[in-house]
Amino acid sequence: MEKEDSNEHTPAGPGENITEEEDYYTKDGTVDFRGNPANKKTTGTWKACPFILGNECCERLAYYGMSSNIVRYFKHQLNQSSATASKNQSDWSGTCYITPLIGAFLADAYLGRYWTIACFSIVYVIGMTLLTLSALVPGLRPTCYSKESCDPTHAQSAFCFVALYLIALGTGGIKPCVSTYGADQFDDADETEKKRKSSFFNWFYFSINIGALVASTVMVWIQDNVSWAWGFGIPALAMAIAVGSFFSGTRLYRNQKPGGSPLTRICQVIVAAIRKCKVEMPKDKALLYETPDAESGIKGSRKLEHTNDFRFFDKAAVETQSEQGKGTADPWKLCTVTQVEELKAIVRLLPIWATGIIFSAVYNQMGNLFVLQGERMDNKFGHTSFKVPPASVSTVDTLSVIIMVPIYDRIIVPFARKFTGHKNGLTQLQRMGIGLVISIFSMLAAGILELVRLGMVRRHNYYDLDVMPMSIFWQVPQYFIIGVAEVFTFIGQLEFFYEQAPDAMRSLCSALSLTTVALGNYLSSLLVTIVTAVSTRNGKLGWIPDNLNYGRVDYFFWLLGVLSVLNLGAFLLVAKWYTYKRPVGTLAAS
């Protein structure tokens, strides 16, 4: 057996020692929990990932165990109208995907990903505990006269929303860091490890959906049939288990050092470029300013090769005569090529990022109008007395993802690789584009189902029936199609924003990708608000009334379908224009 410390016991020449030393440690700048260079044999890769995947699985169980059915909690326990409940769900869910910008900034700039996850997890657990108390403790929980008739006070509603927004803050430190932290366990400079990284993103999303599967079945059933206190309390316990799983792997993790404030570096490039707007660019781009060392001047970041787009920003790296020969450059006047390329990488990501917003608005309907649509349908399981909670039909989406991830990883990737020659079968942009196409069909399926349902309501005068004789399982296609689209778009987006992010901005770019979900939720909320305002003029009930049998929710699904088609066209244009990041060299941890 080869000794790990063989270079301490076996005499060797200087060159041989250097080679062994290089093979012994990672070359991407990662360190272990003590702050020493990360040992490739004892840290990272799939040794560390089970703890991260376990954390994510339990955290997602906690999140979806609460969020999957929250629109019904708002409607029936907090006594809100359908439109208000839908809007509040979208606003809260959107906030859960905006707060990652806070966590990502702290992770990249100051705390590092490990401590950001640890600190925000505590806030998360506090929020979950308060939410459980709001449904358990007399005086904090609403007074209910029947299962679906409650009279909450303003203070009780406020307490519930304080708990929910604490959860939104807590998730802000976890969402942008967990996937990037897992990817950090694979050395970018090691081709063998790098190939495994793409597979990690697939299995990371798989673990999310295992947690979501339990949440959308067991948790939703408990909330509908046992009590909301148990329905919120078990997710709170799951979150505590998630924290325990994460800390259990501490000794095995590889950690990237925080590289300082990314926003400061971005501002420095913009200010320096504006200051030098009249300075002439050198014809030879090799004359642009860069550190002479093998590594960049940014902690935790490799050097980036110069690209020819957005040339205005290159002026920040032009050395004037007065700046030449100075020992230390003022970063507000002169920036390195790598620093300039960091900003360019972010600017290039923005159009791709924007095309994810419509997709997220479509995805948001699973916890929103799909649930309200399902409420009006027969939710009996076959000829039994067992009733499927409307929110539990989202299990189909989860099962779709769980089925499709291994198929994609083990069948589609090798098959596509034969034709494309690409190591991952499809490029990340191709993968995302396919998902956008598939998502259009989910809105078509939902719209057609609602059209058929309303036709049955009119023919048989079912307007005032709480539940019409049409099986809720007709919703299966729309949920399944969204699940397939997720495997392509969301996982492709996760990997794309990690790979194309500058090394020292990976948490921030991961958070940026998550904000598409937030803005998709806000867009859905805005569309509901506009549609309600326009369609209720002159005393009409509108598209989304409390009793959907009198509404036209199908029009809302058609609207999202048309927006999805336009969004696909925009994506194809920006994807064709996109220039991939080109890193140079490796990093030392010391």
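Residues numbered from 1 in each chain as written. Predicted model: local features only at pLDDT ≥ 70, side-chain atom pairs only at ≥ 80, totals over all residues. Heavy atoms only, no water.

> Looking at this structure, how should I read the nonpolar core?
Side chains of a nonpolar character, in soluble globular proteins, are inclined to be buried together. M66, Y73 and L164 are the most contacted members of the largest nonpolar core, which has 144 residues in total. Among the elements that take part in this core, helix α16 (residues 476–500) stands out by supplying 12 residues, more than any other. If we skip the residues at most four places from it in the chain, M66 touches W92, M128, L131, L164, I167, Q223 and F232. (Core = buried A, V, L, I, M, F, W, Y, C linked by side-chain atoms within 4.5 Å. Buried < 20%, exposed > 50% of the residue type's maximum accessible area, 1.4 Å probe, protein only. Helix = DSSP H or I, 4+ residues; strand = E, 2+ residues; numbered from the N terminus. Contact = heavy atoms within 4.5 Å.)

> Where do I start with the pattern of salt bridges in this structure?
Any two side chains of opposite charge can pair, given that their charged atoms come close. Overall, the coordinates contain 19 salt bridges when judged by the stated rule. Between E342 and R265 there is a salt bridge whose closest N-O contact spans 2.9 Å. With E342 in helix α11 (residues 337–354) and R265 in helix α10 (residues 262–275), this pair connects stretches of sequence that are 77 residues apart. Here E342 and R265 have matching classes, each one buried. (Salt bridge = Lys/Arg side-chain N within 4 Å of Asp/Glu carboxyl O.)

> Explain the environment of V218 to me, please; I cannot follow it from the model alone.
Mapped onto the elements, V218 comes out in helix α8 (residues 191–225). When its relative accessible area of 42% is taken as the criterion, V218 is described as partly exposed. Along the backbone, V218 and P292 are 74 residues apart, and their C-alpha atoms lie at a distance of 59 Å.

> Explain the packing of helix α17 (residues 506–535) against helix α18 (residues 553–577) to me, please; I cannot follow it from the model alone.
A packed helix pair is summarised by two numbers, namely the angle formed by the two axes and the spacing between the axes. Where α17 meets α18, the axes come as close as 12 Å, and the angle between the chain directions of the two elements is 130°. The angle between the axes of α17 and α18 places the two elements in the oblique class. For the pair α17 and α18, the sense of crossing is right-handed. Each of S524, L527, V528 and V531 in α17 lies in contact with α18, whose residues at this interface are F556, L559, L560 and L563. By residue class, the composition of the contact of α17 with α18 is 7 nonpolar, 1 polar and no charged. (Axes fitted to C-alpha atoms, helices over the stretch in contact; angles between N-to-C directions. Parallel < 35°, antiparallel > 145°, perpendicular 65-115°, else oblique. Left-handed = near helix turned anticlockwise from the far one by under 90°. Nonpolar A, V, L, I, M, F, W, Y, C, P; charged D, E, K, R; others polar.)

> Looking at this structure, I do not really get a nonpolar patch on the surface. What am I missing?
Taken together, the side chains of W221, V226, W230, F381, F386 and F473 present a nonpolar region at the surface, about 630 Å² in accessible area. For F473, the position within the fold is in the loop between β5 (468–471) and α16. Residue F473 is classed as partly exposed on the basis of its relative accessible area, which comes to 32%. (Patch = residues over 30% accessible without salt bridge, like charges linked within 9 Å, V, L, I, M, F, W, Y side chains within 5 Å. Areas by Shrake-Rupley, 256 points an atom, 1.4 Å probe, with all protein chains shown as cover.)

> Which parts of the structure should I look at to understand helix α5 (residues 82–98)?
The periodicity of an α-helix, 3.6 residues per turn, causes residues three or four positions apart to be oriented the same way. Here α5 contains 17 residues, and its C-alpha end-to-end distance of 24 Å stays within 8% of the 24 Å for a straight helix at 1.5 Å per residue. Burial of α5 is extensive: 14 of the 17 residues sit out of reach of the surface. (Expected span 1.5 Å × (residues − 1).)

> Would you explain the confidence of the model for the protein in this entry?
For the protein, the mean per-residue pLDDT works out to 85, and 94% of the residues sit at or above 70. Below a pLDDT of 50 lies the segment residues 1–20, which in the model reaches 11 contacts outside its immediate sequence neighbourhood of four places, other chains included. (pLDDT = per-residue confidence, 0-100.)

> Sorry if this is basic, but what is going on with the pairing of strand β1 (residues 143–146) here?
Residues in a regular strand project their side chains so that they alternate between the two faces of the sheet. Pairing analysis gives 3 bridges linking β1 to strand β2 (residues 149–151), with the strands arranged antiparallel. Bridge pairing links T143 to D151 in β2. The antiparallel hairpin formed by β1 and β2 contains 2 residues in its connecting segment. (Pairing = 2+ DSSP bridges.)

> When you look at helix α12 (residues 356–364) in this model, what are you seeing that I'm missing?
In terms of burial, α12 is largely enclosed, as 9 of its 9 residues are buried. Looking at α12, one finds that the buried residues are G356, I357, I358, F359, S360, A361, V362, Y363 and N364.

> Whenever I open this one, the packing of aromatic side chains confuses me. Can you help?
For any two aromatic rings, the description comes down to two numbers: the centre-to-centre distance and the angle of the planes. For the coordinates displayed, the defined rule picks out 37 aromatic pairs. Geometrically, the ring pair formed by Y24 and Y25 is edge-to-face, given 4.9 Å between the ring centres and 85° between the ring planes. Taking relative accessible area as the criterion, Y25 reaches 25% and is therefore assigned partly exposed. A cation over a ring is seen here: K175 above Y63, with NZ or CZ 4.4 Å from the ring centre. For R506, the ring lying beneath its charged end belongs to Y498, and the centroid distance is 4.1 Å. (Phe/Tyr/Trp six-rings, centres within 6.5 Å; stacked < 30°, edge-to-face > 60°. Lys NZ or Arg CZ within 6 Å of the ring centre and 35° of its normal.)

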